[in-house]
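Architecture and fold: a report
Listed below are the residues making up each chain.
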Amino acid sequence: MITTAPELVIFDCDGVLVDSERIAVRIQVQVGAELGWALTAEEVVEKFVGRSNKSIGELIDAQLPGRSAAWQQRFEALHRDAVETELVAVDGIQEALAALTLPTCVASSGSHEKMRHTLGHTGLHSHFAGRIFSASEVAHGKPAPDLFLHAARRMGVEPAACVVVEDSKYGVQAARSAGMRAFGYAGGLTPAHWLEGPDTVVFDDMRKLPMLLSSGS
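Residues numbered from 1 in each chain as written. Predicted model: local features only at pLDDT ≥ 70, side-chain atom pairs only at ≥ 80, totals over all residues. Heavy atoms only, no water.

1. So, the overall build of the protein chain
Looking only at helices and strands, the protein chain has 11 helices and six strands in total. For the protein chain, the C-alpha radius of gyration of 16 Å lies close to 17 Å, the compact-globule estimate for 217 residues. Residues classed as buried in the protein chain amount to 50% of the 217 residues present. In the protein chain, the share of contacts with a sequence separation of at least 24, taken over all contacts with a separation of at least 6, comes to 65%. Accessible surface, the protein chain as shown: approximately 9500 Å² in total, 51% of it carbon and sulfur. Computing the positive centroid from 19 side-chain charges and the negative centroid from 27, the protein chain places the two 3 Å apart. (Helix = DSSP H or I, 4+ residues; strand = E, 2+ residues; numbered from the N terminus. Rg over C-alpha atoms; globule rule 2.2 N^0.38 Å. Buried < 20%, exposed > 50% of the residue type's maximum accessible area, 1.4 Å probe, protein only. Contact = heavy atoms within 4.5 Å. Areas by Shrake-Rupley, 256 points an atom, 1.4 Å probe, with all protein chains shown as cover. Lys, Arg positive; Asp, Glu negative; His and termini not counted. Charge placed at Lys NZ, Arg CZ, Asp CG, Glu CD.)

Here you go:
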């Protein structure tokens, strides 16, 4: 059990800062239907949510050889349009960020371009500017620990003193593998029991995060 006092809060982006997972899942289902891989929303959550674009591309190519590039291109076009009309910040995240006193950063499976768009659209980019890290910067995306360890190194904080706020099973697995405590946000699409495990607190209201961090619960 990790007992080191937290010195850094590492936020995932999609589903934690911006309420984008519902949009992304719906579009993945649509693109799959168009290209020949029929997926339910539940299957997309299980297979894709929390993974890097590279990892998702490998899954697509295993099912539809050579089609991952076309899939990604179609997804990105539809996703960008939907973000402009539908995307909002995760409920309660503005209040949580305002109440936090610990240093923060973002470490996401998404690209920097995508985060500039989604965080910018929701007014959150300036809060994290200069402290945003992408899976494109490391060799292996979640559930490997590479991205969170990279963020900790860049922020000058030991892994045991970092806490990670995640909403996907791959994200909390990556946090544990990195030797960090995880706070699993179950207010989105991922079932709470997928997030449960050692050194992990599961919660469903983002407004409670500052209190949970201060109590060490």
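2. Remarks on helix 8 (residues 146–155)
Given 3.6 residues per turn, any residue in an α-helix points the same way as the ones three and four places further on. By the burial criterion, the buried members of helix 8 are Leu147, Phe148, His150, Ala151 and Ala152. Turning to helix 8, the residues buried within the fold contact strand 1 (8–11), strand 2 (104–108), strand 3 (132–134), strand 4 (162–166) and helix 9 (169–177). Downstream of helix 8 by a residue or two, glycine 156 has a phi angle that is positive, lying close to 70°.

3. Observations concerning the state of the cysteines
Scanning the entire structure with this criterion turns up zero disulfides. Just so you know, cysteine 13 is unpaired, no disulfide at all, and the nearest cysteine sulfur is the one on cysteine 105, 12 Å from it. Residue classification places cysteine 13 among the buried positions, given a relative accessible area of 0%. Note on cysteine 162: no disulfide assigned, nearest cysteine sulfur contributed by cysteine 105 at a separation of 7.4 Å. (Disulfide = S-S within 2.5 Å.)

4. Quick word on empty space enclosed by the protein
One way to see where empty space is left: roll a probe the size of a water molecule over the atoms. Scanning the entire structure with this criterion turns up one cavity of 30 Å³ or more. The computed volume of the largest cavity comes to approximately 40 Å³. Lining the largest cavity are Gly15, Asp19, Glu21, Arg22, Asp167, Gly188 and Leu189. (1 Å grid on protein atoms, 1.4 Å probe; cavity = no way out; pocket = protein on both sides within 12 Å on 5 of 7 lines; lining within 4 Å. Points joined across faces, edges and corners; volume = space filled by probe spheres on them.)

5. So, the side chain of serine 134
Note that serine 134 resides in strand 3. When its relative accessible area of 1% is taken as the criterion, serine 134 is described as buried. Here the side chain of serine 134 touches serine 136 through a polar contact of 3.0 Å, side chain to side chain. In this structure, serine 134 is in contact with Ser108, Gly110, Ser111, His112, Met115 and Leu147, ignoring residues within four places of it in sequence. (Polar contact = N/O pair within 3.5 Å; in protein donor to acceptor, adjacent residues only side chain to side chain.)

6. With respect to the sheet that holds strand 6 (residues 200–203)
Pairing in this open sheet of six strands is parallel, and the strands run 3-2-1-4-5-6 from one edge to the other. The sheet is open, and its two edges are formed by strand 3 and strand 6, each paired on a single side. Each adjacent strand pair in this sheet contributes to an overall mean axis angle of 20°, direction not counted. Here strand 2 runs beside strand 3; their pairing, made up of three bridges, is parallel. (Pairing = 2+ DSSP bridges. Axes fitted to C-alpha atoms, helices over the stretch in contact; angles between N-to-C directions.)

7. Quick notes on the layout of surface pockets
As a volume, the largest pocket reaches approximately 480 Å³. Taken together, 25 residues make up the lining of the largest pocket; nearest its centre are Asn53, Gln72, Phe75, His79 and Lys114. Secondary-structure elements contributing two or more residues to the lining of the largest pocket are helix 1 (21–35), helix 3 (53–63), helix 4 (68–86) and helix 6 (112–121). At five residues, the largest contribution of residues to the lining of the largest pocket is made by helix 4. Of the voids in this model, the second largest pocket is the one considered here, and its volume is about 170 Å³. Lining the second largest pocket we find 15 residues, and of these Ser52, Lys54, Ser55, Ala135 and Gly141 sit closest to its centre. It is helix 3 that contributes the most residues to the lining of the second largest pocket, four residues altogether. Considering only residue class, the lining of the second largest pocket consists of three nonpolar, 10 polar and two charged. (Nonpolar A, V, L, I, M, F, W, Y, C, P; charged D, E, K, R; others polar.)

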